[in-house]
Amino acid sequence: MADVVVEQGRHVSSVRPRKRASLRNTLGRKSTVAFFLTLPLILLIALLVLYPAFFSLYLATLNKAMTKFVGLGNFTFLFKRETFWMVVKQSCIFAVTAVIFKALIGFIVAHFVHNIPGKKQRKWRGMLLVPWVIPPAMSTLAWLWLFDPSYSAFNYTLSFFGVGPIPWLGETFWARFSVILVNVWYGAPFFLIMYLAALKSVPDQLYEAAAIDGANWWQKIWYVTLPMMRNIIAITTLFSLIVTFANFDIVRILTSGGPLDTTHLFATWAFQVGIQSSDIPLGACVSLFMVPILAVAAIFILRDVTKRGNEA
Amino acid sequence: MSTLAIDKAGPTRKLGSMSRDRAWALRWSYFFLVLFAIFFLTPPVYMVITSLKSSAEISAATNPWWVFHPTLSNYVELLTSNQFLRFFWNSSIISIVVVIVTMLISIPAAFALARMKFWGSATLATGVFLTYLIPDSLLFIPLFKMLAMVQDLTGITLLNRWYVLAFIYPTLTVPFCTWIMIGYFASIPKELDEAAIIDGASWLQTLLRIFIPVALPGLIAATIFAFTVSWAQFLYPLVFTTSVDQLVLPVGITTTLIKGDVFNWGQIMTGALLGAAPPLIIYAFLMDYYIAGLTAGATKG
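Residues numbered from 1 in each chain as written. Chains lettered and ligands numbered in written order. Predicted model: local features only at pLDDT ≥ 70, side-chain atom pairs only at ≥ 80, totals over all residues. Heavy atoms only, no water.

Draft legend 1. Spotlight on the overall build of chain A. When helices and strands are counted, chain A shows 16 helices and zero strands. Each of the 312 residues in chain A was classed as buried or not, and the buried ones make up 52%. For chain A, restricting intrachain contacts to residue pairs at least 6 apart in sequence, the fraction spanning at least 24 positions comes to 68%. Accessible surface computed for chain A: about 15,300 Å², of which carbon and sulfur atoms make up 67%. (Helix = DSSP H or I, 4+ residues; strand = E, 2+ residues; numbered from the N terminus. Buried < 20%, exposed > 50% of the residue type's maximum accessible area, 1.4 Å probe, protein only. Contact = heavy atoms within 4.5 Å. Areas by Shrake-Rupley, 256 points an atom, 1.4 Å probe, with all protein chains shown as cover.)

Draft legend 2. Region of the structure containing the overall build of chain B. Assigned secondary structure in chain B consists of 15 helices and two strands. Counting only C-alpha atoms and orienting by the principal axes, one finds that chain B spans roughly 75 × 70 × 30 Å. Across chain B, contacts joining residues at least 24 apart in sequence account for 73% of those joining residues at least 6 apart. Counting only carbon and sulfur atoms, one obtains 70% of the accessible surface of chain B, whose full area is about 13,500 Å². If you average the places of the 16 positive and of the 13 negative side-chain charges in chain B, the two averages end up 8 Å apart. (Lys, Arg positive; Asp, Glu negative; His and termini not counted. Charge placed at Lys NZ, Arg CZ, Asp CG, Glu CD.)

Draft legend 3. View of the pattern of salt bridges. Under the criterion given, the structure shown has three salt bridges over all chains. In this structure, A:Arg125 engages B:Asp288 in a salt bridge whose closest nitrogen and oxygen atoms are separated by 3.2 Å. Of this pair, A:Arg125 sits in helix α6 (residues 118–128) while B:Asp288 sits in helix α15 (residues 265–297), each in a different chain. We classify B:Asp288 as partly exposed; its relative accessible area is 39%. (Salt bridge = Lys/Arg side-chain N within 4 Å of Asp/Glu carboxyl O.)

Draft legend 4. Representation of the environment of B:Ser54. Residue and element names in this part refer to chain B. Within the secondary structure layout, Ser-54 lies in the loop between α2 (15–51) and α3 (55–59). For Ser-54, a relative accessible area of 26% puts it in the partly exposed group. A C-alpha to C-alpha distance of 6.7 Å links Ser-54 and Gly-266, two positions 212 residues apart in sequence.

Draft legend 5. Broad picture of the environment of A:Ile180. Residue and element names in this part refer to chain A. Structurally, the position occupied by Ile-180 is in helix α10 (residues 172–200). For the pair Ile-180 and Ala-95, spaced 85 residues apart in the sequence, the C-alpha separation amounts to 8.3 Å. Ile-180 has contacts with Phe-94, Thr-97 and Ala-98, leaving out every residue within four places of it along the chain.

Draft legend 6. Focus on the nonpolar core. Within the largest apolar cluster, 201 residues are counted, with the highest numbers of intra-cluster contacts made by B:Phe185, B:Tyr236 and B:Phe240. With 16 residues, the single largest contributor to this core is α10(A). Apart from the residues lying within four places of it in its own chain, the contact partners of B:Phe185 are B:Ile107, B:Ala110, B:Phe111, B:Ala114, B:Arg115, B:Leu207, B:Phe211 and B:Ala215. (Core = buried A, V, L, I, M, F, W, Y, C linked by side-chain atoms within 4.5 Å.)

Draft legend 7. View of the side chain of A:His264. One can find A:His264 in the loop between α13 (249–254) and α14 (266–276). Among the polar contacts made by the side chain of A:His264, one reaches the side chain of A:Thr268 at a distance of 2.9 Å. (Polar contact = N/O pair within 3.5 Å; in protein donor to acceptor, adjacent residues only side chain to side chain.)

Draft legend 8. A look at the UniProt feature "domain: ABC transmembrane type-1" (unreviewed entry) in chain A. Under the feature "domain: ABC transmembrane type-1" (unreviewed entry), the UniProt entry names residues 88–303 of chain A. Here residues 88–303 of chain A is 77% helix and 0% strand, with 27 Å between the C-alpha atoms at its ends. (UniProt positions renumbered as here; feature names shortened; annotations may be inferred.)

Draft legend 9. Quick look at the interface of chain A and chain B. At the interface, 102 residues of chain A touch 103 residues of chain B. Taken together, both faces of the contact between chain A and chain B bury some 9,300 Å²; the carbon and sulfur share is 82%. Remark: the boundary between chain A and chain B carries two salt bridges. Residue B:Asp288 pairs with A:Arg122 through a salt bridge whose shortest N-O separation is 3.0 Å. At the boundary of chain A with chain B, the tally comes to 11 residue pairs in polar contact (both at pLDDT 80 or more). It is helix α3 (residues 30–59) of chain A that contributes the most residues to the side of chain A that touches chain B, 19 residues altogether. For the side of chain A that touches chain B, the class distribution of residues is 80 nonpolar, 12 polar and 10 charged. (Buried area = accessible area lost by both parts, 1.4 Å probe. Nonpolar A, V, L, I, M, F, W, Y, C, P; charged D, E, K, R; others polar.)

Draft legend 10. Seen up close, the UniProt feature "transmembrane region" (unreviewed entry) in chain B. Residue and element names in this part refer to chain B. UniProt records the feature "transmembrane region" (unreviewed entry) at residues 28–49, 87–111, 118–142, 162–186, 207–228 and 270–292, using the numbering of this structure. Within residues 87–111, the helical portion is 100% and the strand portion 0%, while the C-alpha atoms at the span's ends are 36 Å from each other. With 84% helix and 0% strand, residues 162–186 has end C-alpha atoms that lie 37 Å from one another.

Draft legend 11. Structural context of the UniProt feature "transmembrane region" (unreviewed entry) in chain A. All names here are of chain A. Within the UniProt annotation, "transmembrane region" (unreviewed entry) is assigned to residues 33–60, 93–114, 126–146, 173–197, 232–254 and 280–302. The span residues 126–146 carries 86% helix and 0% strand; its end-to-end C-alpha distance comes to 24 Å. Summarising residues 232–254: 87% helix, 0% strand, and an end-to-end C-alpha distance of 31 Å.

Draft legend 12. Highlighting the side chain of B:Asp193. Residues and elements named next belong to chain B. Inspection of the secondary structure assignment puts Asp-193 in helix α10 (residues 190–198). Classification of Asp-193 as buried rests on a relative accessible area of 6%. Asp-193 has contacts with Arg-115, Thr-206, Ile-210 and Phe-211, leaving out every residue within four places of it along the chain.

What follows is the structure in structure tokens.
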């Protein structure tokens with residue numbers, strides 16, 4: 001409709017003197033306007049996202065001094081190192097465990113909040129979303145202090161229950177547990193909000209109908225809630241998987257990868273290798289290993305997103 | 001028609017047991033919500049508790065969950081130290097510039113992508129979305145190298161300059177803000193802008209007079225996100241800046257307040273709390289916009 005009107009407008013203006021009209025035509029044409037409106041965005045993405053991404057591929061093929069092309073030398077070097085395989089393993093354990101717990105806690109808490117009558121809901125929602133609002137670097141410092149080896153508030157509290165002092169960040173198992181715990185704490189509120197929004201969009205009649213059919217609590221969740229929330233659950237989980245997999249702040253501040261590199265993720269190890277030991281090509285190489293996982297998750301997310309695009 | 005009748009009959013038949021069930025469900029909900037609230041709020045509350053303690057009280061083996069001699073000395077010390085104010089200033093200017101740059105880029109782009117179907121517009125919209133999925137931890141090494149290269153080639157110092165960060169953060173904020181603005185703009189009824197164009201408004205006028213006012217809630221949500229993302233960013237400043245006077249809050253607190261193995265926890269927690277304050281205050285007032293933005297665009301989690 002609008003297009004037709006614009007076409008007509010241009011037709012009218014072309015009756016005017018040629019030169020000025022043609023300039024105005026080009027400037028006023030929809031595609032030209034659209035081009036100028038999106039140009040800054042295109043430049044930003046091309047210069048500061050696409051170019052660095054390909055540049056990183058190129059960097060990964062250089063030697064440490066960045067003077068010689070070594071092809072896949074950095075990759076074969078990584079494959080021979082034990083630390084690399086440990087990082088792969090730890091990144092996967094970390095991302096999968098953290099996302100599962102975030103999703104579970106988010107799902108459960110969303111139901112509890114949904115049960116609360118209207119007015120009080122806002123207060124609870126506000127309180128439970130706080131971890132998500134605090135910059136992770138700041139809140140992780142609080143966790144670091146809670147885990148402190150000599151003055152740990154957690155160990156102090158546990159001692160009342162007769163549980164001995166736990167070396168939160170000093171032992172591999174507990175260090176891995178701690179970084180996952182902090183990530184779950186930080187990310188669960190995001191799932192809570194997404195699931196709460198999804199729950200609100202489930203029509204009440206469905207639950208009423210289920211109740212009349214004699215469905216119990218589990219059956220209502222299994223046959224009504226889950227199918228209705230399936231899309232949101234899938235897309236939130238995939239999103240979170242990407243971000244958790246690429247996490248940097250929490251591990252960097254809490255353990256810096258220790259003890260003995262056992263809590264390193266791709267991002268923190270790439271930082272240590274590439275920036276701290278200034279072997280930029282090897283660091284670039286390490287972070288490139290995140291790409292396959294990100295790509296797979298992105299493909300699945302895109303399927304949902306194009307659905308949204310078609311509806312709009 | 002028949003389902004409607006059953007719907008009405010149902011509750012009356014089992015009204016007593018159902019309301020009793022409901023009351024119990026409510027009690028259990030409150031019980032578990034309190035437990036989860038304790039879990040979620042322990043670190044921030046502990047920040048507040050520690051920030052009110054003197055270092056003598058922190059190193060004394062007393063109950064860590066209680067303040068016996070509250071003092072504001074940590075706050076006074078931090079708020080009068082040049083270093084800390086410098087970090088705060090750097091963070092604030094960067095975040096404000098990032099918000100402005102982000103809005104200037106993403107609003108026009110979102111408008112074009114939502115309303116003007118042009119060659120490649122669908123691909124570009126998908127591209128914006130994909131860019132949004134690319135994490136900072138993938139790009140920090142090539143970006144670091146790029147800044148160093150520009151410095152070598154032109155002699156302009158880019159590394160270790162805090163204001164350079166303001167032009168790198170938009171890579172994190174623009175894709176997301178564009179994406180949610182596309183969503184908001186697309187939800188505006190077509191009749192509105194068609195009417196404007198029939199009345200002779202240009203595309204720019206349509207954007208300024210109709211889209212921006214109507215999509216104001218989305219705009220506020222996007223602004224909050226751009227601000228919180230750039231305020232919280234940790235990796236880029238950690239890599240790109242090193243001198244104390246060039247640091248932003250998160251990096252400044254983690255690197256300068258920890259001296260060797262000595263942790264001055266009172267100051268660290270006060271710093272962390274003050275660093276967390278601006279996003280928390282914004283959130284306290286604009287929570288609904290924040291949540292609307294979260295759910296509209298599915299931000300990263």
